[in-house]
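The primary structure of each chain is shown beneath.
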Amino acid sequence: MQQPDFLVGEWHVSPSINQINRPGHSLTLEPRLVDLLLYFAQHPDEVLSRDELIDNVWKRNIVTNHVVTQSISELRKCLRHEEEEESPEYIVTVPKRGYRLAASVSWLSAESEIASLNEGEPLQPQSVAYASASPPAVSQPEQRSAPALASGSQARSPYRIWVWLAFILSLACGVALLVVGPFSSPTSSPTSVSKGIINPRDIDIQFSGRPTCTSWTRQSTYMMGIADQITNLFNTYSTYMVHNQTDYRYRGPTSAGKILTIEFVNQRHYREQQCFMAVRLVDNADSSVMLDRRYFITHDNQLAIQHDLLKSLSQALQQPWSEKTQRSLNIMLPKQSEALQQYYEAHSLLLKGDPDSLTRASDILDELINSNPDYFFAQAEKALVDILRHTGQPFDDPQLALLQQKISQLEKLPEIEDEAIYFQINTIALLNRGKIDLAAQQINKSIDLEMSWLNYVLLGKVYEMQGQKRLAADAYITAFNLRPGDNILYWIRNTIFQTSLAEVAPYLNNFTQEK
């Protein structure tokens, strides 16, 4: 049922088109934010807990308190007057209880909306008292007597004949469809979709295929690197929520509205076998194909392929990249394709997180930095890898002094000081020294800049050291939701210090290899 328009403060909210308007301003919101604002409007002046919001707005999806907090923050930013220093507070936090809508709510009747459209007059709200605060019920249509037909049964007879003819024709068409339907071929490939509600703003990235290509290791690391970039970019700079499932074995029903599949296909091309990277984006709402690309990868075209893929995804999802997104990409990516392949090889080892993989990643990054001294993001990745190595196997004094020198140099690079990786490095260093409150400040700055699995793993570690196991579990589950798989479980268990899933986040035990 279409939800009626309503007023919150001076904002006119149109749930059917996900828009809010006030004089001089019009914003299109993410559907989830509109649902959240609608639920607040249906319960004005009530304190709503996070659990209640999860149950009624997210409706059984696996989300954590951090997702609710972030959504509240985004909704506040949308409702705030950026040009005014003292903007009214629409949603207030009630400590240890939840959130409350502080603005007045008025519901708009359908009649007033139609009249305003026909006559060009402003909408007149119907005020709702807080004592019985709820959206107006849908009224039953007024019963009106039909005009009398002339000549009694003589006037009704032709009408009945046409009704019966239409009924018989519809019945015949239905039978024909039942007979022919089972033998007709589908127009698109079926997708395993949950019978429950799907979220059109959720995207699952999946890797399909097996090692059929000769350069499988290099190609798989390239795929993992691209998938990580897509996940971080869309989660940080768009209204989509992307789940990187390239390390996840589960292939059952999904509640995601879209599936992005990456596959390497070994096919005959120009009289010889060649390996292609096939990328397909499918809309689970109707199984339609939104994007279908096939790339032949060489040693010197990997950057061009990545740029084309990101551009194609942006167009298919109607999500243009901002200048800030492009700036971040320019910092993260090198100038040569060979350097990109080296970086992704090191990054795939970082994802594993074990000591041997981190040591190999450090060696690869050393080679990469020596051949590309102006690739500052590789220097930051090297510092991140080495500070993680130090937490597992403490460096000797000369090694530690060199590491501290490298981290100090990053502070002088304007390209890095506003990137999430800089604050991630500081968070780990501060946790190693027991500076928990300072570490909390650093990781929250990192989360403001980037929504990534690593940020939430580190946030969980901060919460654990503060003794807040419930919040730590929320953070770990969020990290696993963004990039489910064995690698993230290893990070949660072993990074910086040992974490017992059974004690802190028993829910994640359902996804261990033993299970």
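Look a little higher up for the structure.
Residues numbered from 1 in each chain as written. Predicted model: local features only at pLDDT ≥ 70, side-chain atom pairs only at ≥ 80, totals over all residues. Heavy atoms only, no water.

Right, let's get into the sheet that holds strand E5 (residues 47–48). Pairing is antiparallel across the open sheet formed by three strands, whose spatial order is E5-E7-E6. The open sheet has two edge strands with one neighbour each: E5 and strand E6 (91–94). Contacting E6 and strand E7 (98–101), helix H3 (residues 65–79) crosses the sheet at an angle of about 145° to E6. (Pairing = 2+ DSSP bridges. Helix = DSSP H or I, 4+ residues; strand = E, 2+ residues; numbered from the N terminus. Contact = heavy atoms within 4.5 Å. Axes fitted to C-alpha atoms, helices over the stretch in contact; angles between N-to-C directions.)

Further remarks concern the environment of Asp356. Tracing the sequence through the fold places Asp356 in helix H10 (residues 355–371). The spacing of Asp356 and Arg389 is 33 residues in sequence and 9.3 Å in space, taken between C-alpha atoms.

Take the packing of aromatic side chains next. A complete count under the given rule lists 15 aromatic pairs for this structure. Taken together, a centroid distance of 6.4 Å and an interplanar angle of 50° make the contact between Tyr248 and Phe511 tilted. Here Tyr248, found in the loop between strand E11 (241–244) and strand E12 (256–269), pairs with Phe511, found in the segment after helix H18 (501–504); they are 263 residues apart in sequence, far enough to count as distant. Overall, the relative accessible area of 25% leaves Phe511 in the partly exposed class. When the centroid spacing of 5.7 Å and the interplanar angle of 50° are considered together, the rings of Phe276 and Phe296 count as tilted. Placement of the pair is Phe276 in strand E13 (residues 272–283) and Phe296 in strand E14 (residues 288–296), with a sequence separation of 20 residues. The lysine or arginine in question, Arg201, covers the ring of Tyr240, its NZ or CZ lying 3.9 Å from the ring centre. Across from the ring centre of Phe497, 4.5 Å away, lies the NZ or CZ of Lys461, which sits over that ring. (Phe/Tyr/Trp six-rings, centres within 6.5 Å; stacked < 30°, edge-to-face > 60°. Buried < 20%, exposed > 50% of the residue type's maximum accessible area, 1.4 Å probe, protein only. Lys NZ or Arg CZ within 6 Å of the ring centre and 35° of its normal.)

Moving on, we get to helix H14 (residues 436–449). For H14, spanning 14 residues, the distance from its first C-alpha to its last is 20 Å, which sits close to the expected 20 Å at 1.5 Å a residue. Those residues of H14 that fall on the buried side of the exposure criterion are Ala439, Ala440, Gln442, Ile443, Ser446 and Ile447. Projected onto a plane normal to the axis of H14, the buried residues spread over an arc of 170° and lie on a single side. In H14, the exposed positions angled more than 90 degrees off the buried face are occupied by Asp437 and Asp448. Tucked inside the fold, the buried residues of H14 contact helix H13 (420–432) and helix H15 (453–465). (Expected span 1.5 Å × (residues − 1). Arc of directions from axis to C-beta.)

This part takes up the pairing of E7. Remember that side chains alternate between the two faces of the sheet whenever the strand is regular. Where E5 meets E7, two bridges bridge the pair, whose relative direction is antiparallel. Bridge assignment links Val47 to a residue of E7, and that residue is Arg100. For E6 and E7, the ladder comprises four bridges, and the chain directions are antiparallel. When the sheet's bridge partners are listed, Val92 is paired in E7 with Arg100. Joining the antiparallel neighbours E6 and E7 is a turn of three residues, in which Lys96 adopts a positive phi near 65°.

Attention now moves to H15. Over its 13 residues, H15 extends 19 Å from the first C-alpha to the last, a length consistent with the 18 Å expected when each residue adds 1.5 Å. The buried fraction of H15 is high, at twelve of 13 residues. Buried residues of H15: Trp453, Leu454, Asn455, Tyr456, Val457, Leu458, Leu459, Gly460, Lys461, Val462, Tyr463 and Glu464, and no others. Looking one or two residues beyond H15, the residue adopting positive phi is Gly467, at roughly 80°.

Core analysis: the largest hydrophobic core is formed by 101 residues, its most contacted members being Ile230, Met277, Leu384, Trp453 and Leu508. Discounting residues that sit within four places of it in the chain, Trp453 has contacts with Asp228, Leu351, Ala479, Leu482, Arg483, Ile488 and Trp491. Counting 32 residues, the second-largest nonpolar core is a separate cluster that includes Leu33, Val57, Cys78 and Leu79. (Core = buried A, V, L, I, M, F, W, Y, C linked by side-chain atoms within 4.5 Å.)

This part takes up the pairing of strand E4 (residues 25–28). Pairing between strand E3 (residues 19–22) and E4: four bridges, direction antiparallel. The partner of Asn21 across the bridge, within E4, is Ser26. Count of turn residues in the E3/E4 antiparallel hairpin: two residues, of which Gly24 carries a positive phi of about 85°.

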